[in-house]
Amino acid sequence: MGDTDSGVVKEPGLINKTSKEFLGGLPPWIVAIVFSFAAIFSDHFFENVKVGINKANLRTSSYETFSTDMSNYLFASELVVEYVSQDWTSSLELRSLAPTYNEAISQFRKQQYVYRQWIRRMWDVDWANRHKESKATDESGTKSNNKKDRTFEERFDEVNAAILAFDSAVHATLRDPLLLAEDKSLDINFDKTKSLVSKDAAPPLRQKFAEMKRLSDEFLRDLLESR
């Protein structure tokens, strides 16, 4: 019987009453199975939510590390271009530049395979789910040049190639001067204020740096937007 209030009888809610009648009419073992399945699906749902949160946190952390290392290298590379452009290439001046550049390129080169694995696991898996074919082709069957039709790993290869091209140009232009600048066993009569690199080397370096920076900026921006 329903509760009474001031002599008025209140019947149980229709939904509550119906559900009780429905469950009450079922064998106990069926009721147990129903609640077991409900518990299983509930656990599965919350586990998926937990995995999604952990993946998002890991992706954010990986992006921050990757973008920091790349930004450091771009900064060091820009310093190289500036030093050569301004004719700051004496032994004394290059001695302050060499450690900065060498540390940045070494850090990036050491980590590039780690970056590749991050990109595969945390970006290209989602990319593959959005694109049924991992290699997009145009009507002629050739690979598309549209960046949206390429995996992030393929685009990383493009960025990495631009970085290696710039680093090769730096070595071709500055390898001997940088080694000379770091050589503390030089004869005391060596002129450490003399420019060791011609300013004519600046334009090719600047061109390769501009291409590397453009590709890197686009890549980092698109990675961020895909998080």
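Residues numbered from 1 in each chain as written. Predicted model: local features only at pLDDT ≥ 70, side-chain atom pairs only at ≥ 80, totals over all residues. Heavy atoms only, no water.

Helix and strand counts for the protein come out as five helices and two strands. Taken from N to C terminus, the helices and strands of the protein fall in the order β-β-α-α-α-α-α. A buried classification covers 31% of the 227 residues belonging to the protein. Considering only intrachain contacts with a sequence separation of at least 6, the fraction spanning at least 24 residues in the protein is 79%. (Helix = DSSP H or I, 4+ residues; strand = E, 2+ residues; numbered from the N terminus. Buried < 20%, exposed > 50% of the residue type's maximum accessible area, 1.4 Å probe, protein only. Contact = heavy atoms within 4.5 Å.)

Attention shifts here to the environment of Leu 164. Mapped onto the elements, Leu 164 comes out in helix α4 (residues 152–182). On the accessibility criterion, Leu 164 (30% relative accessible area) is partly exposed. Along the primary structure Leu 164 and Arg 109 are separated by 55 residues, whereas in three dimensions their C-alpha atoms are 9.3 Å apart.

Position of Glu 153 among the secondary structure elements: in helix α4. Residues within four places of Glu 153 in sequence aside, it is in contact with Arg 116, Ile 119, Arg 120 and Asp 124.

The subject of this paragraph is the pattern of salt bridges. Within this structure, the stated rule accounts for nine salt bridges. A salt bridge links Arg 155 to Asp 222; the shortest N-O distance between them is 2.8 Å. Separated by 67 residues along the polypeptide, Arg 155 in helix α4 and Asp 222 in helix α5 (residues 202–225) bring together distant segments of the chain. Like Asp 222, Arg 155 is buried. The exposure class assigned to Asp 222 is buried, which follows from its relative accessible area of 10%. Residues joined in a network through salt bridges with shared partners are Arg 116, Arg 120, Glu 153 and Asp 157. (Salt bridge = Lys/Arg side-chain N within 4 Å of Asp/Glu carboxyl O.)

Moving on: the confidence of the model for the protein. A residue-level look at the protein finds 58% of positions with pLDDT of 70 or above and a mean pLDDT of 74. Averaged pLDDT values for the elements of the protein fall to 49 in strand β2 (residues 8–9) and rise to 93 in α5. (pLDDT = per-residue confidence, 0-100.)

Ranked by internal contacts, the top residues of the largest apolar core, which has 40 residues, are Phe 66, Tyr 73, Tyr 101, Phe 166, Leu 205, Met 212 and Phe 219. Residue assignment for this core shows that the elements contributing at least two residues are α2 (28–85), α3 (91–130), α4 and α5. Sequence-distant contacts of Tyr 73, defined by excluding residues within four places in its chain, comprise Tyr 101, Ala 104, Ile 105, Ile 163, Phe 166, Asp 167 and Met 212. (Core = buried A, V, L, I, M, F, W, Y, C linked by side-chain atoms within 4.5 Å.)

With respect to the secondary-structure elements, Ser 85 resides in helix α2. Judged by relative accessible area, Ser 85 falls into the buried class, the value being 15%. Apart from the residues within four sequence positions on either side, Ser 85 is in contact with Lys 199, Ala 202 and Arg 206.

We now examine unusual backbone geometry. Despite not being glycine, Asp 87 shows a phi value in the positive range, around 65°. You can see Asp 87 is positioned in the loop between α2 and α3.

Turning next to α5. The first and last C-alpha atoms of α5 sit 34 Å apart over 24 residues, in line with the 34 Å expected at 1.5 Å per residue. Along α5, the positions that sit buried rather than exposed are Ala 202, Leu 205, Phe 209, Met 212, Leu 215, Ser 216, Phe 219, Leu 220, Asp 222 and Leu 223. (Expected span 1.5 Å × (residues − 1).)

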